[in-house]
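Coordinate analysis (summary)
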Amino acid sequence: MIFTEQLLRVQQQHQSLLCVGLDPEPSKFPGAWKGQPDRIYDFCAAIVDATKDLVCAFKPQIAYFAAHRAEDQLERLMAHMRRVAPSVPVILDAKRGDIGSTAEQYAHEAFSRYQADAVTLSPFMGFDTMEPFLKHPGKGVILLCRTSNPGGSDLQNLRLADIEGQPRVYEHIAKQAQGPWNTNGQIGLVVGATFPEEIARVRELAPTVPLLIPGVGAQGGDAAATVKAGLKTDASGAVTGTIIVNSSRAVLYASSGDDFASAARRVAMQTRDTLNAAR
Ligand SMILES: O=C(O)c1cc(=O)[nH]c(=O)n1[C@@H]1O[C@H](COP(=O)(O)O)[C@@H](O)[C@H]1O
């Protein structure tokens, strides 16, 4: 199924804009699992099981698996998510971006090896680096636009003197994503919850693309402001530009005890409810 359709459908079904990010750090695991990289699968699967009816997406960050030689555990986790939560799309957070021939390998990794529904990419190297991903029908391609980190301003806020109106870099990315790059409706954008004004600006320039918004929870982004700035509805209340609001650490490490999964569920539910209350 097409990523964006799958997303809208599950958002409706679960009444949720929340994405739980799977960023497993063995040093933060509970009890006997603490410091054990071979428990990455068990930890993440427990989080998935505890939150699968509360979310509109899961987002595993590949570095947390690769750093511990745990790619096989990521493969098992992807299969687990398919099995227990088939309606929930999975965004592989890989932030790839390279020349076409290499990008083909990255696309194969994301969509064939891991069977992800969408992947995060850096647009820095240009449109031809996205094309190998866009060739996979129905898959989502989510481009970094205005990232949540403080240094995101270093490049993304600079103005482009060669373009009429001198837009900022992130504004240009948003326009390209809404227009010429989005040949088959596969593109989304990453915008940080830590910058609600920029979320509003991106939404103005890219009214219909899905926005992946990390930065609530551990990074202190404002969940309600994020919804107000990013979610777009028509006069009847139907969603015309959706958002996927990610929280990782605040959910994963809500408790360091044996109750970690129920604590994760509690925080996920609170976050989902806060997002819904701001709609
Ligand atoms: O692409 C991302 O997901 C991403 C983009 C961004 O601008 N900021 C950002 O924090 N992320 C990711 O979102 C997650 C945020 O984690 P928490 O801060 O623990 O909720 C991490 O996996 C980051 O790599």
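Residues numbered from 1 in each chain as written. Predicted model: local features only at pLDDT ≥ 70, side-chain atom pairs only at ≥ 80, totals over all residues. Heavy atoms only, no water.

Per an unreviewed UniProt entry, the recorded name for the protein is Orotidine 5'-phosphate decarboxylase, and the organism is Aquabacterium olei. According to its UniProt record, the protein has this under Catalytic activity (unreviewed entry): "orotidine 5'-phosphate + H(+) = UMP + CO2". Word for word, the UniProt comment on the protein under Sequence similarities (unreviewed entry) is "Belongs to the OMP decarboxylase family. Type 2 subfamily." (UniProt positions renumbered as here; feature names shortened; annotations may be inferred.)

**Considerations on helix 4 (residues 71–84)**
Helix length check: helix 4 (14 residues) gives 20 Å between terminal C-alpha atoms against 20 Å at 1.5 Å per residue, within 8%. Residues of helix 4 that are buried: Q73, L74, L77, M78, H80 and M81. The buried side chains of helix 4 occupy one side of the element, clustering within an arc of 160° when seen end-on. Against the buried residues of helix 4 lie strand 1 (18–22), helix 2 (40–51), strand 2 (57–60), helix 3 (63–66) and strand 3 (91–96). (Helix = DSSP H or I, 4+ residues; strand = E, 2+ residues; numbered from the N terminus. Expected span 1.5 Å × (residues − 1). Buried < 20%, exposed > 50% of the residue type's maximum accessible area, 1.4 Å probe, protein only. Arc of directions from axis to C-beta. Contact = heavy atoms within 4.5 Å.)

**Details of the confidence of the model for the protein**
With 100% of its residues at a pLDDT of 70 or more, the protein has an overall mean of 98. Scoring of the predicted complex yields 0.98 for pTM and 0.99 for ipTM. (pLDDT = per-residue confidence, 0-100.)

**Notes on the site of the ligand**
With respect to spatial proximity, 17 residues lie near the ligand, and among them D23, S148, Q219, S248 and R249 are the closest. Between the ligand and K95 there is a distance of 3.1 Å, counted from an oxygen atom to a side-chain nitrogen or oxygen. Contact between the ligand and S148: a nitrogen atom at 2.7 Å from a side-chain N or O atom of the residue. Counting only elements with at least two residues in the shell around the ligand, the list comes to strand 3 and strand 10 (243–247). Broken down by class, the residue content of the shell around the ligand amounts to 5 nonpolar, 7 polar and 5 charged. (Near = heavy atom within 4 Å. Polar contact = N/O pair within 3.5 Å; in protein donor to acceptor, adjacent residues only side chain to side chain. Nonpolar A, V, L, I, M, F, W, Y, C, P; charged D, E, K, R; others polar.)

**A short note on the pairing of strand 4 (residues 118–121)**
Neither face of strand 4 is open: one carries A118 and T120, the other V119 and L121, and all of them are buried. Both strand 3 and strand 4 contribute to a ladder of 3 bridges, which runs parallel. Looking at the pairing, R96 lines up with L121 of strand 4. For the handedness criterion, the β-α-β arrangement of strand 3, helix 5 (residues 100–113) and strand 4 is classed as right-handed. Examined bridge by bridge, strand 4 and strand 5 (residues 140–146) share 4 bridges and lie parallel to one another. When the bridges of strand 5 are listed, T120 appears paired with I142. (Pairing = 2+ DSSP bridges. Right-handed = clockwise from strand over helix to strand, strands pointing away.)

**A word on the packing of aromatic side chains**
Using the criterion set out here, one finds 6 aromatic pairs in the structure. Aromatic side chains W33 and F260 sit 5.9 Å apart centroid to centroid with 65° between the ring planes, which places their arrangement in the edge-to-face category. Of this pair, W33 sits in the loop between strand 1 and helix 2 while F260 sits in helix 12 (residues 260–277), placing them 227 residues apart in sequence. Judged by centre distance (5.1 Å) and plane angle (15°), the rings of F43 and F260 are stacked. Here F43 is found in helix 2, whereas its partner F260 is found in helix 12, with 217 residues between them in sequence. Grouping residues by exposure puts F43 and F260 together as buried. An aromatic cluster is built from F29, W33, F43, Y253 and F260, whose rings are joined through pairwise contacts. (Phe/Tyr/Trp six-rings, centres within 6.5 Å; stacked < 30°, edge-to-face > 60°.)

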